[in-house]
Amino acid sequence: AAAAAAAGSTEPDLLFPEFVPAAAWNDHSMGAETGVPFYFLCDKLPEDSALRQRLKQDRLTAVLDCQMRERTTTGTWKCLFCSEQFTKDRSELFQHMLHNHNFNMGLPDNLVHVRDYLALLHTKISELRCLYCEKMFRDRVTLRDHLRKKKHCKINPKNKEYDRFYIVNYQEPGRSWTEIQEEDKESEYLPREDQDAAWSEWNETPDMATVCLFCPDKLAHPAAAFEHMKETHRFDFWGAVDERKLDFYSRVKLVNFVRLQVSKGVCPSCEMKVGTAGLQEHMQVNKHFNVNFAAESWQRVENLFPTVAEDALLFSLEREAEVLQQEEEEERDRHQQQRAKDHKAEAAAAAAA
């Protein structure tokens, strides 16, 4: 009827082909002995296509209007991970979560229905649920460790539950943003920098460039950094881990300790204050590209705090076998807790009977 009105006619027969289903599909509930006519809609018809385009444009306009209201409306924005609150622009909240918690929701200008989005994420976190893999955990400490170790402090771009909060999903109804992105990747004429800018908020591959612990050399990823330290500085990080049976937290302390000492111009081996200008020469001459593991300085609790923000090396301190073992232990813990709950419920039911 809407399409007919748009074309200046009130008769659907003049616009759409009539379709009468077979007798098996007759609407006998209405007492009709013959087939009930239906009208077949198809976007190949000019009138139907025009209607679809108008509805699409109306929807996009409404979403953009909503986004504009959100950008100009003041209020309190609370961080998902700490008690920080922001009363100015919502972009302050996004910047805070990105830089303080390494959590990227995307560019503010690409988001809509932001308060609903934050409420949904807050609910998931309150349920102790990982935002990326959707696994549930027994307490906040375990969830926090999972997010850090697995690098899951991000949104899963394949979760369609989040699609309605991103403007790109309103541009072409019926097609997901992943399909549009795949076409852009296959396009040879689109400049690479334009692709990166368009999809930066959904970038699933973080920058893993890693600076050596002892020198300014920057490697492509943590594995290359470990190999560089072994070949260039004769410091076998994983050899030291195995020899001294260092657990995960000891590895974190070791990395942060060396980072801190080098940044202050202090030799991490003899702990002599050399100064940043002469430190490299001192370590080279004295073969001090190492750590005095007998000293207590590297084992202090304060070394658990990162020296370098978003240090890629800190996200690569577990071997795959260790991660699998931890997941198995967590799964066993969940099963034990569930069995304990079931046993308690059965005991209560038996007592009530």
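Each chain has its residues counted from 1, running along the sequence as written. A pLDDT threshold of at least 70 governs which residues receive local features in this predicted model, and a stricter bar of 80 or more applies before side-chain atom pairs are shown or counted, although totals over entire chains, interfaces and linings include all residues. Side-chain metrics in this entry use all non-hydrogen atoms of the structure; hydrogen atoms and water are not considered.

### Quick notes on the nonpolar core
Across soluble globular proteins, nonpolar side chains show a tendency to be buried alongside one another. The line we're drawing: Side-chain atoms within 4.5 Å are what join buried Ala, Val, Leu, Ile, Met, Phe, Trp, Tyr and Cys residues into a set we call a nonpolar core. The buried label applies to any residue whose accessible area, calculated with a 1.4 Å probe on protein chains only, is under 20% of its type's maximum; exposed applies above 50%, and partly exposed to all values in between. In this description a helix means any DSSP run of H or I spanning at least four residues, a strand means any run of E spanning at least two, and both kinds are numbered starting from the N terminus. Any two residues having at least one pair of non-hydrogen atoms within 4.5 Å are treated as being in contact.
Core analysis: the biggest nonpolar cluster contains 31 residues, and Phe 214, Phe 237, Leu 254, Val 258 and Leu 317 have the highest contact counts within it. Elements that contribute at least two residues to this core include exactly α8 (222–232), α9 (237–244), α10 (248–263) and α11 (279–286). For this core, the element with the highest residue contribution is α10, accounting for seven residues. If sequence neighbours within four positions are ignored, Phe 237 has contacts with Phe 226, Arg 251, Leu 254, Val 255 and Leu 317.

### Here we look at the confidence of the model for the protein chain
Definition in use: Confidence of the prediction at every residue is given by pLDDT, a number between 0 and 100.
Taken as a whole, the protein chain shows an average pLDDT of 75; of its residues, 73% reach a score of 70 or greater. Across residues 1–32, confidence stays below pLDDT 50; counting only partners more than four residues off in sequence or on other chains, it has 42 contacts. Predicted confidence is poor over residues 194–205, with pLDDT under 50, and the contacts of this stretch with residues over four places away or in other chains come to 24 contacts.

### What about the side chain of Ser 297?
So the rule is basically this: The term polar contact refers here to a pair of N or O atoms within 3.5 Å; inside protein, the definition further demands a hydrogen-donor-capable atom paired with an acceptor-capable atom, and it admits residues adjacent in sequence only when both atoms are side-chain atoms.
By secondary structure assignment, the location of Ser 297 is in the loop between α11 and α12 (320–352). We classify Ser 297 as buried; its relative accessible area is 9%. Within the structure, Ser 297 has its side chain in polar contact with the side chain of Glu 271 (distance 2.6 Å). The contacts of Ser 297, once residues within four sequence positions are left out, are Phe 257, Glu 271 and Asn 303.

### Describing the packing of aromatic side chains
Basically, it comes down to this: Pairing of aromatic rings covers Phe, Tyr and Trp, the last counted by its six-membered ring, and requires centre-to-centre distances within 6.5 Å; plane angles under 30 degrees mean stacked, over 60 mean edge-to-face, and any other angle means tilted. Only when the NZ atom of a Lys or the CZ atom of an Arg is both within 6 Å of the ring centre and within 35 degrees of the ring normal do we say a charge sits over the ring.
Summed over all chains, the structure comprises twelve aromatic pairs. Taking 4.4 Å as the distance between ring centres and 0° as the angle between the ring planes, the aromatic pair formed by Tyr 117 and Phe 165 counts as stacked. Of this pair, Tyr 117 sits in helix α4 (residues 114–126) while Phe 165 sits in the loop between α5 (140–149) and α6 (177–186), and the two are 48 residues apart along the sequence. For the ring pair Phe 293 and Trp 298, a centre distance of 5.5 Å and an interplane angle of 85° mean the geometry is edge-to-face. Its end group placed over the ring of Trp 77, Arg 115 keeps NZ or CZ at 3.8 Å from the ring centre.

### Focus on α8
Filter applied, for reference: Read the arc as the range of directions from the helix axis to the C-beta atoms.
Turning to α8, its buried residues are Pro 222, Ala 225, Phe 226, His 228 and Met 229. Projected down its long axis, α8 shows its buried positions confined to an angular sector of 160°, all on one face. Packing partners of the buried residues in α8 comprise β5 (210–211), β6 (218–219) and α9. The first or second residue beyond α8 is Arg 234, which carries a positive phi of 60°.

### A few points about the environment of Lys 287
Turning to its location among the elements, Lys 287 is positioned in the loop between α11 and α12. Along the backbone, Lys 287 and Arg 234 are 53 residues apart, and their C-alpha atoms lie at a distance of 8.9 Å.

### Digging into unusual backbone geometry
Phi at Asn 102 is positive, roughly 55°, even though this residue is not glycine. One non-glycine residue, Lys 245, lies in the positive phi region at around 55°. By the element assignment, Lys 245 lies in the loop between α9 and α10.

### What to know about the pattern of salt bridges
Definition in use: The working definition used for a salt bridge is a side-chain nitrogen of Lys or Arg within 4 Å of a carboxyl oxygen of Asp or Glu.
Summed over all chains, the structure comprises ten salt bridges. For Asp 58, the salt bridge goes to Arg 54, with nearest N and O atoms at 3.7 Å. With Asp 58 and Arg 54 both in helix α2 (residues 46–72), this residue pair falls four residues apart, about one helical turn. The partner of Lys 124 in a salt bridge is Glu 134, with the nearest N and O atoms 3.3 Å apart. One end of the pair, Lys 124, is in helix α4; the other, Glu 134, is in the loop between α4 and α5, with ten residues separating them in the sequence. Three or more residues joined by partner-sharing salt bridges are found here, namely Lys 124, Glu 127, Arg 129, Glu 134 and Glu 161.

### Structural notes on α2
Inclusion rule: Given the number of residues in a helix, its expected span is that number minus one, multiplied by 1.5 Å.
Spanning 27 residues, α2 covers 39 Å between terminal C-alpha atoms, matching the ideal 39 Å at 1.5 Å per step. Burial in α2 covers these residues: Asp 48, Leu 51, Leu 60, Val 63, Cys 66, Gln 67 and Glu 70.

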